[in-house]
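Summary of structural features
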Amino acid sequence: MLSLDFLDDVRRMNKRQLYYQVLNFGMIVSSALMIWKGLMVITGSESPIVVVLSGSMEPAFHRGDLLFLTNRVEDPIRVGEIVVFRIEGREIPIVHRVLKIHEKQNGHIKFLTKGDNNAVDDRGLYKQGQHWLEKKDVVGRARGFVPYIGIVTILMNDYPKFKVRSCPTCFIKNVIFCYIWESTDYS
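Each chain has its residues counted from 1, following the order in which its sequence is written. Given that this is a predicted model, residues contribute local features only at a pLDDT of at least 70 and side-chain atom pairs are listed and counted only at 80 or more, while totals for whole chains, interfaces and linings are drawn from all residues. For the side-chain quantities, the full set of heavy atoms in the structure was used; hydrogens and water were omitted.

What follows is about the overall build of the protein chain. A run of DSSP states H or I qualifies as a helix once it reaches four residues; a run of E qualifies as a strand once it reaches two. Both are numbered from the N-terminal end. Check the secondary structure of the protein chain and you find 4 helices and 7 strands. Along the protein chain, from the amino end to the carboxyl end, the secondary structure elements read α-α-β-β-β-β-β-β-β-α-α. Summary of the burial criterion: residues with accessible area below 20% of their type's maximum are buried, those above 50% are exposed, and those between are partly exposed, where the area comes from a 1.4 Å probe applied to protein chains only. By residue count, 28% of the 187 residues in the protein chain fall in the buried class. The contact definition used throughout considers only heavy atoms, calling two residues in contact when any of these lie within 4.5 Å. For the protein chain, contacts bridging at least 24 residues in sequence account for 55% of all contacts bridging at least 6.

See the structure below:
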């Protein structure tokens, strides 16, 4: 029923109102993208905000925690620091703590990571033959977090039907409904 009401509201709009609504929606999307790109520049990280997807870092971080990252080149990696890294061949980055650092005489640094809640280090997660991570593998370093705010991301990963069917449709309907509500004169 809601989808039919939605279509009726869209049909009742004149062309000018419809163009206005589409333009406003486009401005919201482009603003969000500009904010994301701005955060990338400010933090130096390709992904300035990530969601913890597993319990491997408990008790420090739990599933659904939203992490804020920085990745400044001049900051050295230290033992105990929490890093987010990407492994070749894996799509999703991993959030773990630096366990050991191996520094060569030429200044090149390699490091080993481990989840706080894991029994062993991450060598089993790295690509075959890789025993250490390098700075190029780091997406960012955790600088702050908000607990459980990323639970929606986990729901979308755990239940793909929720992501594909519900979220985009509901989001678009809600955004357009809000614009229709704001632009309609009910007096």
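Before going further, it helps to spend a moment on the sheet that holds strand β1 (residues 49-51). In spatial order, the strands read β1-β2-β7-β3-β4-β5-β6; together these 7 strands make up an open sheet with antiparallel pairing. Edge positions in the sheet fall to β1 and β6 (133-134), since each of these pairs with one other strand and no more. Alignment of strand β4 (residues 94-103) against strand β5 (residues 109-114), held across 6 bridges, turns out to be antiparallel. Note on β5: the bridge partner recorded for His-102 is Lys-110. One requirement defines pairing of two strands: DSSP has to find at least two bridges between them.

With that settled, consider unusual backbone geometry. A cis amide bond, omega 10°, links Glu-58 with the succeeding residue Pro-59. Here Pro-59 lies in the loop between β1 and β2 (66-70).

On to helix α2 (residues 15-43), then. In an α-helix, one turn spans 3.6 residues, which is why side chains three or four residues apart end up on the same side. Helices are assigned an expected span. That span is 1.5 Å times one less than the residue count. Over its 29 residues, α2 runs 42 Å from end to end, which matches the ideal 42 Å to within 8%, given 1.5 Å per residue. Restricting attention to buried positions, one finds in α2 the residues Gln-21, Asn-24 and Thr-43. For α2, the capping residue at the N-terminal end is Asn-14, with a side-chain oxygen 3.0 Å from the backbone nitrogen of Arg-16. Residue Gly-44 follows α2 closely and has a positive phi angle near 75°. Within 3.5 Å is the distance limit for a polar contact, defined as a pair of N or O atoms, with the added protein rule that one can donate a hydrogen and the other accept it, and that residues adjacent in sequence qualify only through two side-chain atoms.

The salt bridge criterion pairs a side-chain nitrogen of Lys or Arg with a carboxyl oxygen of Asp or Glu, the two atoms within 4 Å. Summed over all chains, the structure comprises 8 salt bridges. Measuring nitrogen to oxygen at the nearest pair gives 3.5 Å for the salt bridge that ties Glu-81 to Arg-143. Taken together, the residues span a long stretch of sequence, with Glu-81 in the loop between β2 and β3 (82-85) and Arg-143 in strand β7 (residues 138-146) at a distance of 62 residues. Several salt bridges converge on common partners, so that one network encompasses Asp-75, Glu-81, Arg-141 and Arg-143.

So, about the UniProt feature "transmembrane region" (unreviewed entry) in the protein chain. UniProt positions are given in the numbering used here, feature names are shortened, and annotations may be inferred rather than shown by experiment. Here, UniProt's "transmembrane region" (unreviewed entry) annotation points to residues 18-36. The straight-line gap between the two end C-alpha atoms of residues 18-36 is 27 Å; of that span, 100% is helix and 0% is strand.

Glancing now at the pairing of β2. Counting buried residues in β2 gives 4 out of 5 residues, a clear majority hidden from the surface. Judged from the 3 bridges that link them, β1 and β2 form a sheet pairing that is antiparallel. Its bridge partner lying in β2, Ile-49 is registered against Phe-68.

What follows is about the side chain of Asn-71. Structurally, the position occupied by Asn-71 is in the loop between β2 and β3. With relative accessibility at 15%, the residue Asn-71 sits in the buried group. A polar contact of 3.2 Å, which involves the side chain of Asn-71, links it to the backbone oxygen of Val-138. Not counting residues up to four positions away in its chain, the partners in contact with Asn-71 are Thr-43, Gly-44, Ser-45, Val-138, Val-139, Gly-140 and Arg-141.

Before going further, it helps to spend a moment on the packing of aromatic side chains. Here a Phe, Tyr or Trp ring, Trp counted by its six-membered ring, pairs with any other such ring whose centre lies within 6.5 Å, and the pair is stacked when the planes are under 30 degrees apart, edge-to-face when over 60, and tilted otherwise. A complete count under the given rule lists 2 aromatic pairs for this structure. An angle of 80° between the planes, with centres 5.1 Å apart, marks the rings of Phe-61 and Phe-145 as edge-to-face. You can see Phe-61 sitting in the loop between β1 and β2 and its partner Phe-145 sitting in strand β7, a full 84 residues away along the chain. The rule for a charge over a ring is simple: NZ of Lys or CZ of Arg within 6 Å of the ring centre, and within 35 degrees of the ring normal. Note that Arg-123 overlies the ring of Trp-132, its terminal NZ or CZ placed 5.1 Å from the centroid.

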